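Each chain, letter by letter, is given below.
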Amino acid sequence: KSGFVAIVGRPNVGKSTFMNHVIGEKIAIMSDKPQTTRNKISGVLTEKDAQVIFIDTPGIHKPKHKLGDYMVNVAENTLNEVDAVMFMINAEEGYGRGDQFILDRLERVDKPVFLVINKIDQVHPDQLLPLIDQYREKFEFEEIVPISALEGNNVKHLLQVVKGHL
Ligand code: GDP
Ligand code: MG
């Protein structure tokens with residue numbers, strides 16, 4: 001099994017951290033600053049049963065200037081080329097307009113979309129269900145997986161879920 005998986009989400013939700021954790025190398029540039037990774041940066045995960053090529057897609061959020069427009073276009077083209085999409089959110093933050101901008105674009109993409117709730121190390125488990133309900137109202141996700149990209153919690157499970165859809 002092999003396939004391409006795009007990672008989308010608001011700035012600072014942990015996309016680069018996830019990539020680094022999974023690939024095990026500093027391929028994606030990590031920063032607290034939004035928009036540090038401007039291009040499609042991919043990391044390849046090769047395992048016995050599967051090869052997954054991840055594409056960090058930082059540019060897909062409401063553009064504030066012309067370069068931002070260009071980046072949204074790059075990101076949207078990426079979404080049409082992949083086999084599945086990981087939509088990552090920060091468990092500490094609720095649903096917001098930044099998410100809706102991305103979900104509106106994902107509505108036009110006919111690929112499985114996984115809701116990845118990151119930074120669960122920062123919240124009480126009781127906070128997860130209301131958060132999940134909130135997002136389920138907005139979009140029909142193929143699967144919903146809570147993780148901590150920083151500590152690695154549940155990342156193996158997420159990879160199993162992703163591989164199951166390739
Ligand atoms: P990106 O903009 O989506 O690529 O986000 P980054 O990967 O650059 O992460 C933004 C910040 O969140 C960094 O300071 C990371 O260390 C932090 N971060 C990422 N994942 C986690 C996590 O699972 N738990 C916690 N506590 N912090 C995280
Ligand atoms: Mg990043």
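Before reading further, recall that the structure is shown in the block above.
The model shown is predicted, which means the values in this text are computed figures rather than measured ones.

Novice: I'm lost on the nonpolar core in this one. Help?
Specialist: Side chains of a nonpolar character, in soluble globular proteins, are inclined to be buried together. Membership of the largest hydrophobic core comes to 35 residues, with the highest contact counts inside it found for Val-5, Ile-7, Val-85, Phe-87, Phe-114 and Val-116. If one sorts the elements of this core by residue count, strand S4 (residues 84-90) sits on top with six residues.

Novice: Could you clarify how one ought to interpret the pairing of strand S6 (residues 143-146) in this entry?
Specialist: Each regular strand carries side chains that alternate between the two faces of the sheet. Here strand S5 (residues 113-118) pairs with S6 via four bridges, running parallel. Counted as the bridge partner of Phe-114 is Glu-143 from S6. This β-α-β element, S5 to helix H4 (residues 128-136) to S6, shows right-handed connectivity.

Novice: Would you take a moment to explain the site of ligand 1 for this structure?
Specialist: Residues in close proximity to ligand 1 total 18 residues, the closest being Gly-14, Lys-15, Ser-16, Thr-17 and Leu-150. Sort the elements by how many residues they give to the shell around ligand 1 and helix H1 (residues 15-23) lands first, with three residues. In terms of residue class, the shell around ligand 1 is made up of five nonpolar, nine polar and four charged.

Novice: Explain unusual backbone geometry to me, please; I cannot follow it from the model alone.
Specialist: One can expect most non-glycine residues to show negative phi and most peptide bonds to be in trans. Residues other than glycine seldom take positive phi values, yet Lys-119 does so here, at roughly 70 degrees. Its place among the elements puts Lys-119 in the loop between S5 and H4. Notably, Asn-154 is not glycine yet its phi reads approximately 70 degrees, a positive angle. As for its position among the elements, Asn-154 is in the loop between S6 and helix H5 (155-163). Residue Asn-154 is classed as partly exposed on the basis of its 18 C-beta neighbours within 10 Å.

Cut-offs used in this document
- Here the residue numbering is sequential within each chain, running from 1 through the sequence in written order.
- By the order in which they are written, chains take letters starting at A while ligands take numbers starting at 1.
- The predicted origin of the model limits local features to residues at a pLDDT of at least 70 and limits the giving and counting of side-chain atom pairs to 80 or more, whereas totals for whole chains, interfaces and linings rest on all residues.
- For the purposes of this analysis, a nonpolar core is taken to be any set of buried Ala, Val, Leu, Ile, Met, Phe, Trp, Tyr and Cys residues that are connected through C-beta atoms within 7 Å.
- Here the C-beta atoms are placed from the backbone, and a residue counts as buried if at least 20 other C-beta atoms lie within 10 Å of its own, exposed if 12 or fewer do, and partly exposed otherwise.
- Think of it this way: any DSSP run of H or I at least four residues long counts as a helix, any run of E at least two long counts as a strand, and we number them from the N terminus.
- Each pair of strands is called paired provided DSSP finds at least two bridges between the two strands.
- By definition, the crossover connecting two strands over a helix is right-handed if that path, from the first strand to the second, turns clockwise as seen with the strands pointing away from the viewer.
- We call a residue near a molecule or strand when the C-beta position, derived from backbone atoms, sits within 6 Å of it.
- Just so you know the grouping, Ala, Val, Leu, Ile, Met, Phe, Trp, Tyr, Cys and Pro go in nonpolar, Asp, Glu, Lys and Arg go in charged, and all remaining residues, Gly too, go in polar.

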